Amino acid sequence: MLPFAPIASLLIELDARTHFLDCFTHAGGRKLTKTAETKRNILAVLIAMATNLGLARMSEACGVSYDVLAWTMEWYVREETLREANTVIVDHHYGLELAKVFGGGTMSSSDGQRFPVRGKTVTGRTMVIHGGQVLSTYTQSARGRFWLYLGRTRIRDELYDQVRPDR
């Protein structure tokens, strides 16, 4: 069994190896030198999003004010910066010797997860049989997870089982 390691420590180690935090640039277009404090705030936002903790509860847990976390999320953590950071991590993973054991990256797999939704939403609709929105993840052999799709539940998962042509 592997020893316990806090997720923040793992992300700090991952950044030391991949520099994925450099992908989170300021939305104003300025290339600001990221201080240790800014990197800490970005990591706190990423953990809050990944664990569904939310910024308010993350603020209580880590001692960084909600306003600072919300500002960091608005100005640094955007779809394009998340996509770039994900690409850096996946490319690093692909370069590892162990990744080659799982294949050359020519096959993919998808998995849909349904989340219950109350009321009407812009990105999904409730279905009597399945209910909720579908969050699909796509994994390519030797590449790890390379794409995430939040879609409407009426779209069948099988339609997205092919490797995306832009990757």
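That block above? That's the structure.
Residues numbered from 1 in each chain as written. Predicted model: local features only at pLDDT ≥ 70, side-chain atom pairs only at ≥ 80, totals over all residues. Heavy atoms only, no water.

Peer 1: I tried to follow the overall build of the protein on my own but got confused; where do I start?
Peer 2: From N to C terminus, the protein includes six helices and three strands. Mapped in sequence order, the helices and strands of the protein form the string α-α-α-α-α-α-β-β-β. For the protein, the proportion of its 167 residues judged to be buried stands at 30%. In the protein, once contacts between residues fewer than 6 apart in sequence are set aside, the share between residues at least 24 apart is 54%. (Helix = DSSP H or I, 4+ residues; strand = E, 2+ residues; numbered from the N terminus. Buried < 20%, exposed > 50% of the residue type's maximum accessible area, 1.4 Å probe, protein only. Contact = heavy atoms within 4.5 Å.)

Peer 1: Help me understand unusual backbone geometry, please; the structure alone is not making it clear to me.
Peer 2: Excluding glycine, a negative phi dihedral is what most residues carry, and trans is how most peptide bonds are arranged. Phi at His 19 is positive, roughly 60°, even though this residue is not glycine. Within the fold, His 19 resides in the loop between helix H1 (7-18) and helix H2 (36-50). Overall, the relative accessible area of 46% leaves His 19 in the partly exposed class. For Asn 52, which is not glycine, the phi torsion reads 60° and is therefore positive. You can see Asn 52 is positioned in the loop between H2 and helix H3 (55-62).

Peer 1: Just checking my understanding: could you explain the side chain of Asp 15 for this structure?
Peer 2: One can find Asp 15 in helix H1. The residues contacting Asp 15, other than those within four sequence positions of it, are Phe 20, Leu 21 and Lys 39.

Peer 1: Where do I start with the nonpolar core in this structure?
Peer 2: In a soluble, globular protein the nonpolar side chains are often hidden away together inside. Judged by nonpolar contacts, the single largest core of 19 residues is most densely connected at Phe 20, Leu 21, Phe 24, Ile 42, Leu 46, Leu 69 and Val 77. Broken down by secondary-structure element, the contributors of at least two residues to this core are H2 and H3. No other element matches H2, which puts seven residues into this core. Other than its neighbours up to four places away in sequence, Leu 21 contacts Asp 15, Lys 34, Lys 39, Ile 42, Leu 43 and Leu 46. (Core = buried A, V, L, I, M, F, W, Y, C linked by side-chain atoms within 4.5 Å.)

Peer 1: Is there a simple way to explain the environment of Asp 15 in this structure?
Peer 2: For Asp 15, a relative accessible area of 10% corresponds to the buried category. Within the structure, the side chain of Asp 15 is placed 3.0 Å from the backbone nitrogen of Leu 21, a separation counted as a polar contact. (Polar contact = N/O pair within 3.5 Å; in protein donor to acceptor, adjacent residues only side chain to side chain.)

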